[in-house]
2 protein chains.
Amino acid sequence: MSENYIKLDASFISFGNAVGKKEYEGPLGERFDMHCTDDRYGKETWESAESEMQRLAFNSALAKKDLRFEDIGALFAGDLLNQCVGSAYGLCGCNIPYFGLYGACSTCGEGIMLASILATHGVYERVAAVTSSHNCSAERQYRNPIEYGSQRTPTSQWTVTGSGAFIIGNENAGKVKIRAAMPGCVIDKGINDANNMGAAMTPAVCDTLVRFFKASRTHPDEYDLIITGDLGHEGASILRKFMDIEGYPLGDNYTDCGILIFNKEAQDTHAGGSGCGCSASVLSAFVLPEMERGRYKKVIFVASGAMMSPDMIKQGESIPAIGHLLVFET
Amino acid sequence: MSENYIKLDASFISFGNAVGKKEYEGPLGERFDMHCTDDRYGKETWESAESEMQRLAFNSALAKKDLRFEDIGALFAGDLLNQCVGSAYGLCGCNIPYFGLYGACSTCGEGIMLASILATHGVYERVAAVTSSHNCSAERQYRNPIEYGSQRTPTSQWTVTGSGAFIIGNENAGKVKIRAAMPGCVIDKGINDANNMGAAMTPAVCDTLVRFFKASRTHPDEYDLIITGDLGHEGASILRKFMDIEGYPLGDNYTDCGILIFNKEAQDTHAGGSGCGCSASVLSAFVLPEMERGRYKKVIFVASGAMMSPDMIKQGESIPAIGHLLVFET
């Protein structure tokens with residue numbers, strides 16, 4: 001059954017985001033709705049700051065279309081923190097039916113996909129998808145607290161401090177349409193370097209892309225933009241090689257959210273950005289606005305996630321990964 | 001939008017489960033498909049044993065109807081482990097489109113709900129929902145390694161070692177129909193005792209039940225069975241009081257998966273069973289088979305989850321919770 005893609009008739013009603021200081025200082029800085037100069041968003045802990053970003057991103061998306069909590073039928077949300085507490089605590093009190101997700105950095109794509117299925121079939125009129133990551137909470141949990149000043153490897157990615165929120169309705173509700181989805185399968189090709197997520201995730205992204213091109217009988221050059229999130233510089237270069245071998249070479253229309261969000265040299269971010277908040281903030285601040293302006297008409301977005309935990313790596317296991325594909329059109 | 005319930009036209013094609021030694025020794029012991037006498041399922045670590053239980057439960061559900069991986073359109077899966085690795089590692093290699101969930105102990109209900117929505121609308125012909133918990137992996141992660149021999153409080157629940165898998169199709173595919181769903185909202189009433197999950201989850205379960213009875217204009221005594229999973233003895237007794245106050249008193253037709261799975265006195269399990277695997281194994285080994293045999297015709301199942309993490313409790317936060325409601329009929 002993994003050969004078929006899902007046809008959708010949904011669209012983006014609104015979207016919003018909130019990011020940290022480093023993201024604001026990057027190439028997309030002025031495009032974000034909100035930023036915070038100390039990454040704390042007025043909170044005592046990094047975890048609470050991440051929850052606050054989700055709350056603000058969601059409120060920003062609602063405010064742009066004068067919507068309220070009661071206008072939203074259901075919420076899909078998730079993040080990188082253990083037990084997805086960034087979402088549960090950030091969105092507690094909205095009184096909106098809540099579906100918690102865990103898709104690692106692919107959560108943004110997974111949430112938009114499930115929200116679009118519900119909107120397409122009229123289960124709810126408006127469905128939201130919210131996600132986030134925070135550099136300080138993620139580094140402490142997955143690797144070391146940032147205060148340790150650990151040296152980073154060249155292939156390591158920089159977890160983005162940011163949140164993105166999307167409100168999705170039926171086909172006529174918004175300008176950018178969501179036309180198709182190809183959910184990813186969990187794939188593990190034996191990569192066990194927790195500092196090279198790009199290499200671990202690329203086989204899963206390649207698998208989904210190839211399945212989609214075959215099923216849709218389309219080719220990469222038919223799309224104005226193919227954007228992954230977040231393979232970073234390392235993963236994106238591997239993906240190009242894999243896609244060449246598969247007979248679907250990616251041209252100048254291909255890039256990655258983790259490449260766009262930071263200035264690699266000036267910001268010392270090594271292989272680029274990562275984290276649920278990376279693709280969510282780049283999608284909501286750059287891809288969708290540029291589609292609304294007419295720069296891109298037909299876009300493929302593949303959200304990628306590494307489904308490991310630090311414990312599994314310590315136990316000698318390798319890294320399973322996933323890539324969820326969506327097609328947007330204006 | 002939280003006042004409406006979702007109408008569904010889905011049914012259970014098959015279901016399967018695998019449990020540990022203590023669960024096999026409990027009142028439902030002989031009903032489970034598989035058990036293991038040392039809870040390791042032939043693996044080196046508790047985490048890998050949990051993954052193996054998911055694989056076995058899913059394979060058991062498939063085998064009962066002579067189905068294969070390629071017959072399943074999509075998988076919804078999740079568990080209690082950090083980054084939901086029980087599911088990602090257990091179901092890696094199936095080559096089935098995968099949606100990772102995090103709903104704490106409510107994951108079983110969340111997965112069946114989303115799978116039923118997809119089956120109702122024909123997105124896929126067959127959709128699976130799989131979940132698990134393991135006493136040793138969960139205790140180590142949430143509280144202390146079992147080797148420490150920590151003393152347990154009277155309100156603490158015993159995390160079930162078990163996994164349940166459900167294969168869902170359209171209305172005509174199976175005998176037990178899934179007629180309605182009322183997804184839960186995240187609710188936090190200020191409980192911050194990590195050893196009293198029953199008290200933390202009860203307000204969320206009560207909220208969903210009351211919203212459902214109001215929306216469906218039905219009353220608790222119209223159902224043959226109302227079963228929560230897993231409030232345990234403590235939460236179930238609180239729920240009875242809350243429902244009395246709300247004007248929907250629960251009668252003898254009410255029980256809880258955490259109450260059914262263990263013999264409280266003989267097995268020293270204090271407030272009863274808990275964990276994603278508790279409601280999943282009780283549902284698949286007791287509730288659904290008894291419905292197929294004709295003992296129950298109309299059943300409400302509410303899967304409850306405590307959406308906290310140990311870190312948030314250490315940071316002084318209270319426990320947000322959720323309750324997802326489903327209506328089954330034969």
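This text goes with the structure placed above it.
Residues numbered from 1 in each chain as written. Chains lettered and ligands numbered in written order. Predicted model: local features only at pLDDT ≥ 70, side-chain atom pairs only at ≥ 80, totals over all residues. Heavy atoms only, no water.

Caption draft 1: Highlighting the packing of aromatic side chains. Residue and element names in this part refer to chain A. Within the structure shown, the criterion is met by 22 aromatic pairs over all chains. Seen from their ring centres, Tyr-5 and Phe-212 are 5.4 Å apart, and the 70° between their planes marks the pair as edge-to-face. Residue Tyr-5 is found in the segment before strand 1 (6-19), and its partner Phe-212 is found in helix 6 (residues 197-216); the two are separated by 207 residues along the sequence. In this structure Tyr-5 comes out as partly exposed when scored by relative accessible area, which is 26%. Between Phe-213 and Tyr-223, the aromatic rings sit 6.2 Å apart at their centres with planes inclined by 55°, giving tilted as the arrangement. Of this pair, Phe-213 sits in helix 6 while Tyr-223 sits in the loop between helix 6 and strand 9 (225-229); the two residues are 10 residues apart in sequence, bridging distant segments of the chain. The same class applies to Phe-213 as to Tyr-223, namely buried. Against the face of Trp-46 rests Arg-40, its NZ or CZ located 4.2 Å from the ring centre. (Phe/Tyr/Trp six-rings, centres within 6.5 Å; stacked < 30°, edge-to-face > 60°. Helix = DSSP H or I, 4+ residues; strand = E, 2+ residues; numbered from the N terminus. Buried < 20%, exposed > 50% of the residue type's maximum accessible area, 1.4 Å probe, protein only. Lys NZ or Arg CZ within 6 Å of the ring centre and 35° of its normal.)

Caption draft 2: Summary view of helix 2 (residues 46-64) of chain B. The first and last C-alpha atoms of helix 2 of chain B sit 27 Å apart over 19 residues, in line with the 27 Å expected at 1.5 Å per residue. Taken from the residues just after helix 2 of chain B, B:Asp66 is the one with a positive phi, measuring 55°. (Expected span 1.5 Å × (residues − 1).)

Caption draft 3: Structural detail: the pattern of salt bridges. Scanning the model with the defined rule gives 28 salt bridges over all chains in all. Across the pair A:Arg126 and A:Glu125 runs a salt bridge, and its minimum N-O distance is 3.4 Å. The exposure class assigned to A:Arg126 is buried, which follows from its relative accessible area of 18%. B:Arg179 is the partner of B:Glu329 in a salt bridge, and the nearest nitrogen-oxygen pair spans 3.8 Å. (Salt bridge = Lys/Arg side-chain N within 4 Å of Asp/Glu carboxyl O.)

Caption draft 4: Highlighting the interface of chain B and chain A. Between chain B and chain A, the contact holds 59 residues from the first and 59 residues from the second. Counting the surface lost from both chain B and chain A, the interface buries some 4,900 Å², and carbon and sulfur atoms represent 64% of this. Run the count over chain B and chain A and you get zero salt bridges. Contributions of two or more residues to the side of chain B that touches chain A are made by helix 2, helix 3 (85-90), strand 4 (98-100), helix 4 (107-120), helix 5 (135-142), helix 11 (310-314) and strand 13 (321-329) of chain B. No other element matches the five residues that helix 4 of chain B contributes to the side of chain B that touches chain A. Its residues assigned to classes, the side of chain B that touches chain A comprises 35 nonpolar, 16 polar and eight charged. (Contact = heavy atoms within 4.5 Å. Buried area = accessible area lost by both parts, 1.4 Å probe. Nonpolar A, V, L, I, M, F, W, Y, C, P; charged D, E, K, R; others polar.)

Caption draft 5: Looking closely at the pairing of strand 13 (residues 321-329) of chain A. Residue and element names in this part refer to chain A. Most of strand 13 is tucked away, with eight of its nine residues classed as buried. The pairing of strand 8 (residues 177-182) with strand 13 spans five bridges and is classified as antiparallel. Within strand 13, the position partnered with Ala-181 by the bridge is Leu-326. One ladder, built from nine bridges, connects strand 12 (residues 298-306) with strand 13; its direction is antiparallel. Counterpart to Ile-300 in the pairing with strand 13 is Val-327. (Pairing = 2+ DSSP bridges.)

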